[in-house]
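The lines below spell out each chain.
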Amino acid sequence: MTYLTARDGSEIYYKDWGSGRPIVMIHGWPLTADTWDPQAMALAEAGFRVIAYDRRGFGRSAQPWTGYSYDALADDLADVMEKTGASNDAALVGFSMGGGEVARYMSRHSGRGVSRAVLVSSVVPYMLQTPDNPDGTPQSTFDAIAEGLKRDRPHFLRRTFLPQFLGAGFLTSPVSDEVMDDAARQAMMAGLKPTLDCAVAFATTDFRPDLPVFKVPTLIIHGTGDKTVPIGAAGRAAHRSIAGSTLIEYEGEPHGLNVTASDRLTKDLLAFLRR
């Protein structure tokens, strides 16, 4: 397995596939870079260099006690780009929580080396319901997530969180049990502390000040059936705040559209990245 060392000494696992213009892919909570495999393989086969890494605390990366603020996570992204040489004409593709790393990198690191950005089912611009963000998610929802993780993490992830994430109903599901089981396996590779800390980070970080600094072509993809990160307060709001961005809505698709609409997502990514 391939690792690099972040600025605080934490070891970050990454995949480096293909050659060509670099694309750095950031996965969602609480999963791993493996969720990008179908898109990463297709992009590499199409002539791009794809770098997908496990966020600190998740997958095969180190699990330090601290470092789960978006400032620290954006610094990890900067380190990945620098140490892999993916620091010129790069595209950043962030899914769910990973969209926050993209946004914070664009402001904290002035978008250095980035020529395109993609936000997929992203938490950007602000998830928490507040007086000035009335369409956000109530704090009680995030409290219930933390309680479920602390009480019985395997059960909460497999029976509560992931079915909603992947759009599974009581009688029907767009994915197999094996796909659901694999997602649960990936989620359990993370440490409990990183899982909880990152849930706080994506729930409470306000990215609205980060969005005006996007000066590159930006594609936003979001499912209208997303119950985990509803499109109204996320994808559509981000589109309004990022000048010149393009929004593609996937009718009826859930949060995990990278799985349920995998082929369509791959085609849309290729079309955008080839422009």
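Above this text is the structure in question.
Below you will find a few notes about this structure. Please read these numbers as outputs of a predicted model, since none were measured by experiment.

Turning to the overall build of the protein chain, a few remarks are in order. Within the protein chain, the secondary structure is distributed over 9 helices and 8 strands. Taken over C-alpha atoms, the radius of gyration comes to 17 Å for the protein chain, in line with the 19 Å a tight globule of 275 residues would show. Principal-axis analysis of the C-alpha atoms places the extent of the protein chain at approximately 45 × 35 × 35 Å. For the protein chain, the residues scored as buried account for 59% of the 275 residues in total. Contacts in the protein chain between residues at least 24 apart in sequence constitute 74% of all its contacts with a sequence separation of at least 6. For the protein chain, the exposed area adds up to about 11100 Å²; of that, 52% sits on carbon and sulfur atoms. Treating the 28 positive side-chain charges of the protein chain as one cloud and the 32 negative ones as another, the clouds have centres 3 Å apart.

Close contact between helix α2 (residues 70–84) and helix α3 (residues 97–108) brings their axes to 8 Å; oriented N to C, the two are set at 80°. Regarding the angle of α2 to α3, the classification is roughly perpendicular. Of the residues in α3, those in contact with Tyr70, Asp71, Leu73, Ala74, Asp75, Leu77, Ala78 and Met81 of α2 are Met97, Gly100, Glu101, Arg104, Tyr105 and Arg108.

Turning our eyes to something else, we now look at the sheet that holds strand β1 (residues 3–5). Overall, mixed pairing links the 8 strands, which are arranged β1-β2-β4-β3-β5-β6-β7-β8 in an open sheet. Edge positions in the open sheet fall to β1 and β8 (246–250), since each of these has one partner strand only. Neighbour-to-neighbour, the strand axes of the sheet open up by a mean angle of 20°, direction not taken into account. The pairing of strand β3 (residues 22–26) with strand β4 (residues 49–53) spans 5 bridges and is parallel. Looking across to β4, one finds that Pro22 is bridged to Arg49.

This part covers the nonpolar core. Met25, Trp29 and Phe202 are the most contacted members of the largest nonpolar core, which totals 89 residues. A total of 8 residues in this core trace back to one element, the largest contributor, which is helix α4 (residues 139–165). Apart from the residues lying within four places of it in its own chain, the contact partners of Trp29 are Arg55, Phe58, Met97, Ile145, Leu149, Phe161, Phe165, Thr195, Cys198, Ala199 and Phe202.

Looking at the element boundaries, Asp152 is found in helix α4. A relative accessible area of 37% places Asp152 in the partly exposed class. The spatial distance from the C-alpha of Asp152 to the C-alpha of Pro131 is 33 Å, given a sequence separation of 21 residues.

For Gly57, the location among the structural elements is in the loop between β4 and α2. Judged by its relative accessible area of 0%, Gly57 falls in the buried class. The spacing of Gly57 and Asp75 is 18 residues in sequence and 15 Å in space, taken between C-alpha atoms. Apart from the residues lying within four places of it in its own chain, the contact partners of Gly57 are Ala62, Gln63, Pro64, Tyr68, Ala190, Gly191 and Pro194.

Turning to the pattern of salt bridges, a few remarks are in order. Taken as a whole, this structure holds 23 salt bridges when the rule is applied. Between Arg56 and Asp8 there is a salt bridge; the shortest N-O distance is 2.9 Å. Of this pair, Arg56 sits in the loop between β4 and α2 while Asp8 sits in the loop between β1 and β2 (11–18); the two residues are 48 residues apart in sequence, bridging distant segments of the chain. One salt bridge connects Arg108 with Asp75, and the closest N-O pair in it is separated by 2.8 Å. On the criterion of sequence distance, the pair formed by Arg108 in helix α3 and Asp75 in helix α2 is long-range, its members being 33 residues apart. When its relative accessible area of 41% is taken as the criterion, Arg108 is described as partly exposed. Because the salt bridges share partners, they merge into one network encompassing Arg7, Asp71, Asp75, Asp79, Arg104, Arg108 and Asp210.

Our focus in this paragraph is helix α9 (residues 262–273). Every α-helical turn comprises 3.6 residues, leaving residues that sit three or four positions apart pointing alike. Taking 1.5 Å per residue as the helical rise, α9 with its 12 residues ought to reach 16 Å, and the 16 Å between its terminal C-alpha atoms agrees with that figure. Turning to α9, its buried residues number three or more, namely Ser262, Leu265, Thr266, Asp268, Leu269, Leu270, Phe272 and Leu273.

Right, let's talk about the packing of aromatic side chains for a bit. For any pair of aromatic rings, geometry is given as the distance between the ring centres together with the angle between the planes. In the structure shown here, the tally under the stated rule is 9 aromatic pairs. Ring plane angle 90° and centroid distance 5.1 Å describe the contact between Trp29 and Phe161, whose orientation is recorded as edge-to-face. A residue pair is termed long-range when its members are at least 10 positions apart, and Trp29 in the loop between β3 and α1 (37–45) and Phe161 in helix α4 qualify at 132 residues. Owing to a relative accessible area of 2%, Trp29 belongs among the buried residues under this scheme. Measuring from ring centre to ring centre gives 6.0 Å for Phe95 and Phe165, while their planes differ by 65°; the resulting arrangement is edge-to-face. You can see Phe95 sitting in strand β5 (residues 90–95) and its partner Phe165 sitting in helix α4, a full 70 residues away along the chain. Just as Phe95 is buried, Phe165 falls in that class too. Stacked on the ring of Tyr250, the Lys or Arg Arg264 has its end atom at 3.8 Å from the ring centre.

Cut-offs applied
Residues numbered from 1 in each chain as written. Predicted model: local features only at pLDDT ≥ 70, side-chain atom pairs only at ≥ 80, totals over all residues. Heavy atoms only, no water. Helix = DSSP H or I, 4+ residues; strand = E, 2+ residues; numbered from the N terminus. Rg over C-alpha atoms; globule rule 2.2 N^0.38 Å. Buried < 20%, exposed > 50% of the residue type's maximum accessible area, 1.4 Å probe, protein only. Contact = heavy atoms within 4.5 Å. Areas by Shrake-Rupley, 256 points an atom, 1.4 Å probe, with all protein chains shown as cover. Lys, Arg positive; Asp, Glu negative; His and termini not counted. Charge placed at Lys NZ, Arg CZ, Asp CG, Glu CD. Axes fitted to C-alpha atoms, helices over the stretch in contact; angles between N-to-C directions. Parallel < 35°, antiparallel > 145°, perpendicular 65-115°, else oblique. Pairing = 2+ DSSP bridges. Core = buried A, V, L, I, M, F, W, Y, C linked by side-chain atoms within 4.5 Å. Salt bridge = Lys/Arg side-chain N within 4 Å of Asp/Glu carboxyl O. Expected span 1.5 Å × (residues − 1). Phe/Tyr/Trp six-rings, centres within 6.5 Å; stacked < 30°, edge-to-face > 60°. Lys NZ or Arg CZ within 6 Å of the ring centre and 35° of its normal.

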